[in-house]
Amino acid sequence: MFTNQQWLDTPADGQAYIIGIGIKYYQRCRNIQKVMLQTGNTNQWDLSILLVILREMKLTQSFNKVDNQRIKKENSDLSVITTIRNNNAHHASKCISDTEFEAIWTQLSSILVSFGDDVDDIAELKLNTNDAKQEEPIDTVNTTEAKRLKDLGNEAYKQKNFDEALRLFSQALVLAGVSDCDRSILYSNRAAVYLEKCETLPITSSTDSRYLALQDAEHARDLRPMWPKAHCRIGQAHVALGEYEKAVHSYDKALALDPTNIDMKNARDSALERKHYFERQEHLNPQNMPRTTREQLAELSKLSGFSIEQQEKLIDSIRKNDPGKDAVLTAQQYRDGDDDVKQNYELAARFYSKAVALGNAEGMYNLALLHQQGLGVKKDMRTTIQLFEKAAAQSHTISDKSPIPNVGVAEAEHSLGLCYETGVGVEINYKKAAEWYQRASDHGSAPAANNLGLMYGAGKGVNKDLIKSEQLLHLSATRGARNAPMNLALVLFEKQDYQAAEEWCKRASENNNMLDKNRLKMIQDAAEQERKMFTKADVETWEKANGLNINNLTYNERIQRKRCAENPSSARAFSVAKDFTKVFQSLKTASQPYGVKPSMYDHTILEEYSQKGYVFAKRLLEAQTYFLRSVQILLDEFINVNDRDIQFITELSAAIKIEHIVIQLPEYLHNEAKLIVVRVLAQCDSKKSQIDEDARVCFGYLHMNSLQSTIEFLTVCIRMYSKSDFFLELRGCLYGFLGKYDEGLADFNAALQLVPDAVELLYDRAAYLRLIKHIDLNGAIEAYDTFLKSAPFDHRKVPEAYYAVASCYFVNTTIPNHVEIAEKYYEKAIEAEKHQLPCFIPYQSNNKSLVSMLFSHKPIKSKGAPTKLEIDTGKPKSRLTDSRRLDMIQFHRNSIAEKRRLPPNMNLVTSTTKARLHQNSPMSLIGLKGITLRDMNPMKDHIYQGCVLSGVIFEQSPVVEPSIWLLFEDDNGDLERLFLYNIPASEGWQLIKDTYIYGTKISILNPYMRMAADEKPAIRVDDASSIILHGDTHNVKDMCRYCTEANAARVCGKCKSAHYCSKECQTIDWKQCGHKLVCD
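Note that the coordinates shown come from a computational prediction; the quantities given were computed from them, not determined experimentally.

Check the secondary structure of the protein and you find 47 helices and 13 strands. The C-alpha radius of gyration computed for the protein amounts to 34 Å, which stays within 12% of the reference 31 Å derived for 1080 residues, consistent with globular compactness. Its C-alpha atoms put the protein at 100 × 85 × 85 Å along the principal axes. Counting contacts in the protein only where the partners sit at least 6 residues apart, residues at least 24 apart contribute 62% of the total. In the protein, 135 positive and 141 negative side-chain charges are present, and the distance between their average locations comes to 4 Å.

In this section: the packing of aromatic side chains. According to the stated counting rule, one finds 23 aromatic pairs in the structure shown. Between tyrosine 365 and phenylalanine 388, the aromatic rings sit 5.9 Å apart at their centres with planes inclined by 35°, giving tilted as the arrangement. Here tyrosine 365 is found in helix H19 (residues 361-373), whereas its partner phenylalanine 388 is found in helix H20 (residues 381-392), with 23 residues between them in sequence. With a relative accessible area of 17%, tyrosine 365 lands in the buried category. Ring centres 4.9 Å apart and planes at 85° place the aromatic pair tyrosine 609 and tyrosine 614 in the edge-to-face group. One aromatic cluster in this structure is built from Tyr244, Tyr277 and Phe278. Its end group placed over the ring of tryptophan 227, arginine 224 keeps NZ or CZ at 4.3 Å from the ring centre. Cation over ring: arginine 274 sits above tyrosine 277, and NZ or CZ is 4.0 Å from the ring centre.

If you check UniProt for "repeat: TPR" (unreviewed entry), the listed places come out as residues 146-179 and 228-261 in our numbering. Within residues 146-179, the helical portion is 74% and the strand portion 0%, while the C-alpha atoms at the span's ends are 10 Å from each other. The distance from the first to the last C-alpha atom of residues 228-261 is 10 Å, and the span holds 79% helix and 0% strand.

Now for the UniProt feature "domain: MYND-type" (unreviewed entry) in the protein. Those places that UniProt annotates as "domain: MYND-type" (unreviewed entry) correspond, in this numbering, to residues 1040-1079. The span residues 1040-1079 shows a helical share of 32% and a strand share of 10%, and its end C-alpha atoms are spaced 15 Å apart.

All right, on to the side chain of arginine 190 then. Examined against the element boundaries, arginine 190 turns out to sit in helix H10 (residues 180-195). Assessed through its relative accessible area of 15%, arginine 190 is described here as buried. If we skip the residues at most four places from it in the chain, arginine 190 touches Leu166, Phe169, Ser170, Leu173 and Asp216.

Attention shifts here to the packing of helix H9 (residues 162-173) against H10. H10 packs onto H9 with a crossing angle of 155° between their chain directions and a minimal axis gap of 9 Å. Relative to H10, the element H9 lies roughly antiparallel. Helix-helix and strand crossings are classified by hand; for H9 and H10 the assignment is left-handed. Here Phe162, Ala165, Leu166, Phe169, Ser170, Ala172 and Leu173 of H9 come into contact with H10, specifically with Arg183, Leu186, Tyr187, Asn189, Arg190, Val193 and Tyr194.

Turning our eyes to something else, we now look at the environment of valine 716. By the secondary structure assignment, valine 716 is in helix H36 (residues 707-720). Residue valine 716 is classed as buried on the basis of its relative accessible area of 6%. Among residues more than four places away in sequence, those in contact with valine 716 are Ala256, Leu257 and Arg696.

What follows concerns the pattern of salt bridges. If you walk through the whole model with that rule in mind, you get 58 salt bridges. Across the pair aspartate 1014 and arginine 977 runs a salt bridge whose closest N-O atoms are separated by 2.8 Å. With aspartate 1014 in the loop between strand E9 (1008-1011) and strand E10 (1017-1021) and arginine 977 in strand E7 (residues 975-980), the pair connects residues that are 37 residues apart, well separated along the chain. On the basis of relative accessibility, which here comes to 9%, the residue arginine 977 falls in the buried class. Shared partners join several salt bridges into a network, and the residues in it are Asp252, Lys265, Arg268 and Asp269.

A cluster of like negative charges, contributed by Asp117, Asp118, Asp120, Asp121 and Glu124, occupies part of the molecular surface. In this fold, aspartate 118 is placed in the loop between helix H6 (98-114) and helix H7 (119-127). On the accessibility criterion, aspartate 118 (38% relative accessible area) is partly exposed.

Side chains of a nonpolar character, in soluble globular proteins, are inclined to be buried together. Grouped together as the largest cluster of nonpolar side chains are 97 residues, with contacts concentrated most on Leu620, Ile663, Tyr784, Phe787 and Leu837. When residues of this core are assigned to their parent elements, the largest contribution, 10 residues, is made by helix H41 (residues 798-811). Discounting chain neighbours no more than four positions away, the residues touching leucine 837 are Leu606, Tyr609, Tyr614, Phe616, Ala617, Leu620 and Asp794. Formed by 50 residues, the second largest nonpolar core is a distinct cluster that contains Ala412, Ala434, Ala448 and Leu452.

Looking now at unusual backbone geometry. Looking along the chain, the bond that leaves isoleucine 841 and enters proline 842 is cis, with omega of 0°. As for its placement among the helices and strands, proline 842 is situated in the loop between helix H42 (818-833) and helix H43 (846-856). Following glutamate 961, the chain continues to proline 962 via a peptide bond in cis, the omega torsion being 0°. The phi dihedral of glutamine 281 falls on the positive side, at around 60°, and the residue is not glycine. Here glutamine 281 lies in the loop between helix H14 (262-279) and helix H15 (293-304). What makes glutamine 281 partly exposed here is its relative accessible area of 27%. The phi torsion at glutamine 496 lies on the positive side, around 65°, for a residue other than glycine. Assignment of secondary structure puts glutamine 496 in the loop between helix H25 (484-494) and helix H26 (498-510).

The next point concerns the packing of helix H13 (residues 244-257) against H14. Where H13 meets H14, the axes come as close as 9 Å, and the angle between the chain directions of the two elements is 155°. Between H13 and H14, the crossing angle belongs to the class labelled roughly antiparallel. Crossing of H13 against H14: the hand is left-handed. Residue-level contacts link Tyr244, Glu245, Ala247, Val248, Tyr251, Asp252, Ala254 and Leu255 of H13 to Met264, Lys265, Ala267, Arg268, Ala271, Leu272, Arg274, Lys275 and Phe278 of H14. Tallied by class, the residues present in the contact of H13 with H14 amount to 11 nonpolar, no polar and six charged.

What follows covers the pairing of E7. For E7, the tally of buried residues reaches six of six residues, placing the bulk of the element in the interior. Of the two faces of E7, the one holding Leu975, Arg977 and Phe979 and the one holding Glu976, Leu978 and Leu980 are both buried throughout. Sheet analysis places strand E6 (residues 964-970) next to E7, joined by six bridges and oriented antiparallel. Residue pairing across strands places leucine 967 opposite arginine 977, the latter belonging to E7.

Its 20 residues place the ends of helix H27 (residues 517-536) 28 Å apart at the C-alpha level, agreeing with the 28 Å of an ideal helix rising 1.5 Å per residue. Here H27 has its buried residues at Leu520, Ile523, Ala526, Ala527, Glu530 and Phe534. Summarising the axial view, the buried residues of H27 lie within an arc of 135°, below the 170-degree limit, and thus occupy one face. Exposed and oriented more than 90 degrees from the buried face of H27 are Lys517, Asn518, Gln529, Lys532, Thr535 and Lys536. Residues of H27 that are buried make contact with H25, H26, helix H28 (539-546) and helix H29 (555-566). Trailing H27 by a residue or two, aspartate 538 shows a phi angle of about 50°, which is positive.

A word on the confidence of the model for the protein. Averaged over the protein, the pLDDT score is 87; the fraction of residues at 70 or greater is 91%. Per-element confidence in the protein ranges from a low mean pLDDT of 60 for helix H30 (residues 570-586) to a high of 97 for helix H35 (residues 690-702). Within the model, pLDDT remains below 50 along residues 130-134, and this stretch shows four contacts once partners closer than five positions in the same chain are excluded.

Summarising burial for strand E8 (residues 1001-1005): five of the five residues are buried, a large majority. Pairing geometry for strand E5 (residues 947-955) and E8, over five bridges, is antiparallel. Following the sheet pairing, glycine 951 is matched in E8 by isoleucine 1002. Bridge count for E8 against strand E11 (residues 1027-1029) is three bridges, and the pairing is antiparallel. Residue pairing across strands places isoleucine 1002 opposite leucine 1029, the latter belonging to E11.

This paragraph deals with the environment of cysteine 198. With respect to the helices and strands, the residue cysteine 198 is situated in the loop between H10 and helix H11 (209-223). In this structure cysteine 198 comes out as exposed when scored by relative accessible area, which is 57%. The sequence separation of cysteine 198 and arginine 439 amounts to 241 residues, and the corresponding C-alpha distance is 40 Å.

Tracing the sequence through the fold places leucine 975 in strand E7. Along the primary structure leucine 975 and leucine 886 are separated by 89 residues, whereas in three dimensions their C-alpha atoms are 9.6 Å apart. Non-local contacts of leucine 975, meaning those with residues more than four positions away in its chain, are made with Arg884, Arg885, Met888, Ile889, Leu933, Phe954, Leu967, Phe968 and Glu969.

The rules behind these values
- Residues numbered from 1 in each chain as written.
- Predicted model: local features only at pLDDT ≥ 70, side-chain atom pairs only at ≥ 80, totals over all residues.
- Heavy atoms only, no water.
- Helix = DSSP H or I, 4+ residues; strand = E, 2+ residues; numbered from the N terminus.
- Rg over C-alpha atoms; globule rule 2.2 N^0.38 Å.
- Contact = heavy atoms within 4.5 Å.
- Lys, Arg positive; Asp, Glu negative; His and termini not counted.
- Charge placed at Lys NZ, Arg CZ, Asp CG, Glu CD.
- Phe/Tyr/Trp six-rings, centres within 6.5 Å; stacked < 30°, edge-to-face > 60°.
- Buried < 20%, exposed > 50% of the residue type's maximum accessible area, 1.4 Å probe, protein only.
- Lys NZ or Arg CZ within 6 Å of the ring centre and 35° of its normal.
- UniProt positions renumbered as here; feature names shortened; annotations may be inferred.
- Axes fitted to C-alpha atoms, helices over the stretch in contact; angles between N-to-C directions.
- Parallel < 35°, antiparallel > 145°, perpendicular 65-115°, else oblique.
- Left-handed = near helix turned anticlockwise from the far one by under 90°.
- Salt bridge = Lys/Arg side-chain N within 4 Å of Asp/Glu carboxyl O.
- Patch = residues over 30% accessible without salt bridge, like charges linked within 9 Å, V, L, I, M, F, W, Y side chains within 5 Å.
- Areas by Shrake-Rupley, 256 points an atom, 1.4 Å probe, with all protein chains shown as cover.
- Core = buried A, V, L, I, M, F, W, Y, C linked by side-chain atoms within 4.5 Å.
- Nonpolar A, V, L, I, M, F, W, Y, C, P; charged D, E, K, R; others polar.
- Pairing = 2+ DSSP bridges.
- Expected span 1.5 Å × (residues − 1).
- Arc of directions from axis to C-beta.
- pLDDT = per-residue confidence, 0-100.

Here's what the structure looks like:
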């Protein structure tokens, strides 16, 4: 350690390091790493810590040239060791061949010798690596004594006498001559005792019971690597330490060895739920902080303006009229604690159960959360999911006649979305997750809108759509979701709208949510650079001189518009780039194995084409025959259960191995198939046999969506059945869904050594050669050609292979005439499509979309006029399907309908909340700056002094007291609520009838963005003189009630007042926007 002292693995060594040259590294470490360093015992350090320390040590004295060269060589050797460690830690097969072992050993041994190790010691170490390991002789007396101490320790543990249990297990562990199996059990049991200490403070010492538990669990694992319980115990220790990602990894290893263990599955689900909880930063959300009922009422009082006493009167009224809600309110008092109520989860669960019995959705949802966390009830994910589903099945409003949300429904729908997205308690299914998020978002859930927006942004479970993603994240932000603003900033950055991305970063920071520094700097730098380009090009002056509209244009689009006008030849390049981005973002990618819409395989058609000599059709027919037989067996009630299970597994596994794409099990049969597989695996008890191998084939296939855990399971299968190419192929495919193409390629190569002519493997190998870190286009072309020579002409991947080769040649400019060669392969692909089976027509191919676009923009000689750049500055049509826009329209029209049902002398809204700020008209109109709704922060009360907001009235008001309530669309086409206060009722009704009508063009001076009582944004006007009417010549005459186009010729035949520019607009307005509610 450059102290001229020998490192003796003592705490004194550790202390000297962390207060000396290692102080900076120590400060960056996690708590458990700090404890490892404090011990000074390098045997407790993992390799990554040791290597980082050795690499990052700073020299404390000057060295001569020779010493500097030596140190440089040592650092280089450490980098080599790091690379070897990383490559093997992430090795595709988790085991290496003899040839690989010899190569690595030669490399490492030379480094160790250069570090001063003895050559003979290294050679002896090699002899003792695997089967040559010297076993300690078994001492029968000590083994008997160890068993006696273990039994006593177990009894003490059951009696919760943990100190005595520790003493007994520790005594047994010092006995010599005990087998590795027995010793691993002792370490595991002692770890379990340490975990019962229930320490909660941050770990600071190597005597912390959680740290000791982890050390013992790892000792147990090292002694018996194939023992599931040892991996499970490590997972429990990591949970106790708050290291949930590591815990999930350990539980996955345990389940790979024992896939039928329900307790391990529950433990993994619990750790996985916590992992995602912290990744979403929900622990930082103030709403999730522990608060008593009284504290919650006080906070609500600040937001709503209602005093605690007023709220308590309302609560008392609700309790008297709604027994279910009464039970929920009591349960919440016990769950959170109150002034005169002590927190008690068991009583909370009891009252929630009472609410569930009364059909209350809020009770169902909250009881599910208690089961999820094991608070007052047994931790049980199955019960949790059932309660979520039961709550989600309730009506989303408290009654058919009232739009008031039924609390618990949207929350349960969102929770189900989370479960299906993360795989907590259910199999991962992005398509189902998106469906549940959509339902929850439709019912008002802010976090569901955020999560659905992220799924659209990534193309998970839905087709990628950045516009839809932006709309949903904006909706979520306006509803108050804490993470939505920063997520929206990232989507805007991807869309190259850098100014808006930076603005949303600022808004997020005001909302106490920040990106990591690197991504934040990336956005800020891009926005700053774009502003400099904008200023340098003097775009604003040019736009004003030419009278150009800038609505809905980003800085980038405005810069490009000027460049293309000044240099028309650059318009083509910009058009190509824009089209390429559009095509690339529209590509349909599968984010998981299940979720892609399956093709329909008609048995009769497959028979017909098989008879015509179509080889792939014959293969599909054979697989489908096995599959249909498996379904018949599954539905046959007269077969003995055990016989049925084995027959079903045999037939289904045969279908999977031949061609799994024909297998289309409905959800209820899919779940039944999983249960059968679990039963058969439990009977096999990990003993090698044909039925065990077949059951593992089915298990791997049926659980493909749980990518990481299934990969761990397949790794065990590969060890057990080393001659099976199926497990290697399936694992390679799953690696692809995780983006680990190098690992997947290694699996395909290993499988091809077993079956060199396997057509599917040849195709997979070719595809991955284009995706690995160091892309090998020439190798990919050669691999595709090998596949094409082996594949039958009707194979479903033949056209795709031709399109892929075409794309490889097109981008490989090192090859002469590469474009012409690419065109030939493209033509071959078109021809190959003609030989495809009907079930694959029309042919879907991302490569086809890309190559078609590339050829459409291929440079050609032309004497015609240069390409003219067209940039649309009109209101985007995509706004019409914006979820928040539809929400506002539907709610507004519901309110109009509700007002019509009330007696004439009864108000729809009886009170209002006092404004936090006061808006008024400016003294002068000179110098006012035009802004749009996008320039205003929808999450913050703010008056935009010196600004003017222009647009048209989209919906008239159903009320005049306490305010006139309109819907307003700005010049960009964005919609917002508009509340006009301080207008007398008699004057208000006249204004609604004659002035503030559909299509009226208005400007609002000093607009006030207000967070209303419902915690949603709205524009508030307190001074009526700040509304400027533009007059009839500027109003939108006969405005379409859906898209706001002027001069709409169609008129609603019933109400005779609503205009539409097309039948399509009229139909959508009736069905989706609720025109039928106000058609009178």
